[in-house]
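These are the residues of each chain, in order.
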Amino acid sequence: MKNFSTWMLVMFMAMFWILRIIVAFTYELGIDFGGIVPTNQTMEIILLFVVLVCMILIIKRKMIGAFIYLLAYGMYFGTDLMVGITTLITDTSNITSSNMGIYLNAFISLIGIAIPVAVLFDLLLDKNRKANPKDNKTDWFYKNEQFDRKMDERADKNNYRMM
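Since the structure is predicted, the reported quantities are computational estimates derived from the model, not experimental observations.

Rules and cut-offs
Residues numbered from 1 in each chain as written. Predicted model: local features only at pLDDT ≥ 70, side-chain atom pairs only at ≥ 80, totals over all residues. Heavy atoms only, no water. Helix = DSSP H or I, 4+ residues; strand = E, 2+ residues; numbered from the N terminus. Buried < 20%, exposed > 50% of the residue type's maximum accessible area, 1.4 Å probe, protein only. Contact = heavy atoms within 4.5 Å. 1 Å grid on protein atoms, 1.4 Å probe; cavity = no way out; pocket = protein on both sides within 12 Å on 5 of 7 lines; lining within 4 Å. Points joined across faces, edges and corners; volume = space filled by probe spheres on them. Expected span 1.5 Å × (residues − 1). Bend = angle between axes of the 7 residues up to and from the residue. Phe/Tyr/Trp six-rings, centres within 6.5 Å; stacked < 30°, edge-to-face > 60°.

Colleague: Which residues make up the overall build of the protein, and what values do they have?
Modeller: Assigned secondary structure in the protein consists of 5 helices and 0 strands. Going from the N terminus to the C terminus, the protein shows its helices and strands as α-α-α-α-α. Counting over 163 residues, the protein shows a buried share of 31%. A separation of at least 24 residues holds for 67% of the contacts in the protein among residues at least 6 apart in sequence.

Colleague: I'd love a proper account of empty space enclosed by the protein, names of residues and values included.
Modeller: Applying the stated rule across the entire model yields 1 cavity of 30 Å³ or more. Residue lining of the largest cavity: Arg 20, Ile 36, Val 37, Pro 38, Thr 39, Phe 77, Asp 80, Asn 105, Ile 108 and Ser 109, and that is the complete set. Elements represented by at least two residues in the lining of the largest cavity include exactly α3 (63-90) and α4 (97-125). With 3 residues, the single largest contributor to the lining of the largest cavity is α4.

Colleague: I'd love a proper account of the environment of Val 10, names of residues and values included.
Modeller: Within the secondary structure, Val 10 sits in helix α1 (residues 4-29). Along the sequence, Val 10 and Ile 56 sit 46 residues apart, while their C-alpha atoms lie 9.5 Å from each other.

Colleague: Account for α3, with residues named and values stated.
Modeller: Compared with the 40 Å implied by 1.5 Å per residue over 28 residues, the 39 Å span of α3 between its first and last C-alpha is a close match. Along α3, the helix axis deviates most sharply at Gly 74, where the bend reaches about 35 degrees. Buried within α3 are the following residues: Met 63, Gly 65, Ala 66, Tyr 69, Ala 72, Tyr 73, Tyr 76, Phe 77, Gly 78, Asp 80, Leu 81 and Gly 84.

Colleague: Run through the packing of aromatic side chains, naming residues and quoting values.
Modeller: Here the structure, examined in full by the defined rule, presents 5 aromatic pairs. Between the aromatic rings of Tyr 76 and Phe 77, the centroid separation amounts to 4.9 Å while the plane-to-plane angle is 80 degrees, which identifies the pairing as edge-to-face. Owing to a relative accessible area of 6%, Tyr 76 belongs among the buried residues under this scheme. Given the relative accessible area of 2%, Phe 77 is considered buried.

The following block contains the structure:
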């Protein structure tokens with residue numbers, strides 16, 4: 001990971017993943033975590049493990065990790081976001097505490113969709129991901145003109161053979 005944007009996106013992914021762990025844990029214990037509830041508790045736990053693997057793949061700059069991450073979160077949070085938006089549009093009453101939970105879950109679902117899309121675009125727009133990988137340990141020697149070895153009359157002319 002060479003880009004600052006990739007580091008930031010992985011940090012946001014990790015923070016959102018930790019938030020989802022806390023939400024799943026508090027929901028399982030029956031504690032109210034500010035109105036945030038998982039849509040499906042079993043799917044939430046499976047998704048936590050899938051996202052952990054996807055984070056490792058994204059750190060290694062593999063596109064399959066970004067696609068799986070977007071697909072998993074898109075399917076899980078996309079339906080929740082659409083239900084939340086349609087509920088909020090059709091509800092004509094004022095903002096109440098019951099609506100605040102819907103607003104908060106819709107906002108969390110929006111974040112859950114925005115992070116995978118940003119990760120996918122970050123990997124798609126990185127032109128140097130595969131074409132020109134950079135290795136700081138060796139590039140100072142091999143990609144520097146002043147360190148090129150030139151043959152001259154003092155070069156070793158002995159033809160040693162390695163057996």
